Amino acid sequence: MASIIVIYHSGFGHTKHQAERVHAGVASVAGVSATLLTSDEAIAQMDSLAAADAIIFGCPTYMGGPSAQFKKFIDATGGVWMKQGWADKIAAGFTNSGGLSGDKQTTLSYLATFAAQHSMVWVSLGQMTAGQSAEDVNRLGAYTGAMAQSAHGSSAPSSGDLRTAELLGQRVARATLRWVKGK
Ligand SMILES: Cc1cc2nc3c(=O)[nH]c(=O)nc-3n(C[C@H](O)[C@H](O)[C@H](O)COP(=O)(O)O)c2cc1C
């Protein structure tokens, strides 16, 4: 059994929808246990994170980068980083923001850099862009991780963005199973 934790921050609930679909994607793969934590919960459960085979990071893009609340979690991992306690765990990331671009790539790039600082193994999205309509997978054209866009005041990202989130979760789960098997 591989253990995968999805950690997210969501200020107003939009990114929470995306995180829940990433979690659902992970949970849909046999042989994997999936846990969903807010970044504040994660800070209080560093021991559970140490036991995980993979961690998926997600947050809204605020001011062209990760939200400060998620950065608080990131900075709380300094002690783990000192000991390289997450080395060789699988990692992946997702972000949601109001603009079609909104500089979401900066956030994904940052999350990948964060994972690299921990010597984690980054898993990309692995989905071609199916089209630009709301129901299309990877309509925003990201490859580093999963992107979603929520117009101001809307309750959730589009169906295609949520499906993209689910596919990221499935890909990470399958990659983790292969990784754990080869240990
Ligand atoms: C402080 C702040 C900064 C923001 N900066 C950006 C930004 O740089 N790019 C963008 O597209 N949207 C930006 N937004 C919009 C949010 O990304 C968008 O509303 C998102 O859906 C919020 O997700 P959440 O409900 O999970 O917090 C910003 C919102 C806030 C509150």
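Below, the structure is looked at part by part.

Conventions we followed
- Residues numbered from 1 in each chain as written.
- Predicted model: local features only at pLDDT ≥ 70, side-chain atom pairs only at ≥ 80, totals over all residues.
- Heavy atoms only, no water.
- Near = heavy atom within 4 Å.
- Polar contact = N/O pair within 3.5 Å; in protein donor to acceptor, adjacent residues only side chain to side chain.
- Areas by Shrake-Rupley, 256 points an atom, 1.4 Å probe, with all protein chains shown as cover.
- Helix = DSSP H or I, 4+ residues; strand = E, 2+ residues; numbered from the N terminus.
- Nonpolar A, V, L, I, M, F, W, Y, C, P; charged D, E, K, R; others polar.
- Axes fitted to C-alpha atoms, helices over the stretch in contact; angles between N-to-C directions.
- Parallel < 35°, antiparallel > 145°, perpendicular 65-115°, else oblique.
- Left-handed = near helix turned anticlockwise from the far one by under 90°.
- Contact = heavy atoms within 4.5 Å.
- Salt bridge = Lys/Arg side-chain N within 4 Å of Asp/Glu carboxyl O.
- Buried < 20%, exposed > 50% of the residue type's maximum accessible area, 1.4 Å probe, protein only.
- Pairing = 2+ DSSP bridges.

1. Some points on the site of the ligand
Line of reasoning, step 1. Close to the ligand lie 17 residues, the nearest being Ser 10, His 14, Thr 15, Tyr 62 and Met 63.
Line of reasoning, step 2. In this structure, an oxygen atom belonging to the ligand sits 2.6 Å away from a side-chain N or O atom of Thr 15.
Line of reasoning, step 3. A distance of 3.0 Å is found between a nitrogen atom of the ligand and a backbone nitrogen or oxygen belonging to Gly 102.
Line of reasoning, step 4. Calculation on the ligand without its partners gives an accessible area of 640 Å², and the protein chains cover 77% of this total.
Line of reasoning, step 5. Contributing elements (two or more residues each) for the shell around the ligand: helix H1 (14–27), strand S3 (54–62) and strand S5 (90–97).
Line of reasoning, step 6. The element best represented in the shell around the ligand is S3, accounting for three residues.
Line of reasoning, step 7. Here the residues of the shell around the ligand are counted per class, giving four nonpolar, 13 polar and no charged.

2. Describing the packing of H1 against helix H7 (residues 159–181)
Packed helix pairs are characterised by how far apart their axes lie and by the angle those axes make with each other.
Line of reasoning, step 1. Taken N-terminus to C-terminus, the directions of H1 and H7 make an angle of 40 degrees; their axes are 6 Å apart at the nearest point. In terms of their interaxial angle, H1 and H7 are classed as oblique. The way H1 lies across H7 gives a crossing that is right-handed. Here H1 contributes His 17, Gln 18, Arg 21, Val 22, Gly 25 and Val 26 to the contact with H7, which in turn contributes Leu 162, Arg 163, Ala 165, Glu 166, Gly 169, Gln 170 and Ala 173.

3. Observations concerning the pattern of salt bridges
Line of reasoning, step 1. By the definition in use, this model includes seven salt bridges.
Line of reasoning, step 2. In the salt-bridge network here, residues are joined through shared partners; they are Arg 21, Arg 163 and Glu 166.

4. Some points on the side chain of Ser 67
Line of reasoning, step 1. Within the element layout of this structure, Ser 67 appears in the loop between strand S4 (65–66) and helix H4 (68–76).
Line of reasoning, step 2. Among the residues examined, Ser 67 registers a relative accessible area of 0% and is labelled buried.
Line of reasoning, step 3. Not counting chain neighbours up to four residues away, the residues in contact with Ser 67 comprise His 9, Cys 59, Pro 60 and Tyr 62.

5. Here's the deal with the environment of Val 29
Line of reasoning, step 1. With respect to the helices and strands, Val 29 occurs in the loop between H1 and strand S2 (32–38).
Line of reasoning, step 2. Residues in contact with Val 29, not counting those within four places in the same chain, are Gln 170, Ala 173, Arg 174 and Leu 177.

6. Remarks on the pairing of S5
Line of reasoning, step 1. The buried count for S5 comes to eight of eight residues, which makes it a mostly enclosed element.
Line of reasoning, step 2. Pairing geometry for S3 and S5, over seven bridges, is parallel. Within S5, the residue paired with Cys 59 across the bridge is Thr 95.
Line of reasoning, step 3. Summarising the sheet, S5 and strand S7 (residues 146–149) pair through four bridges and their orientation is parallel. Pairing of Ser 97 across the sheet is with Gln 149, part of S7.

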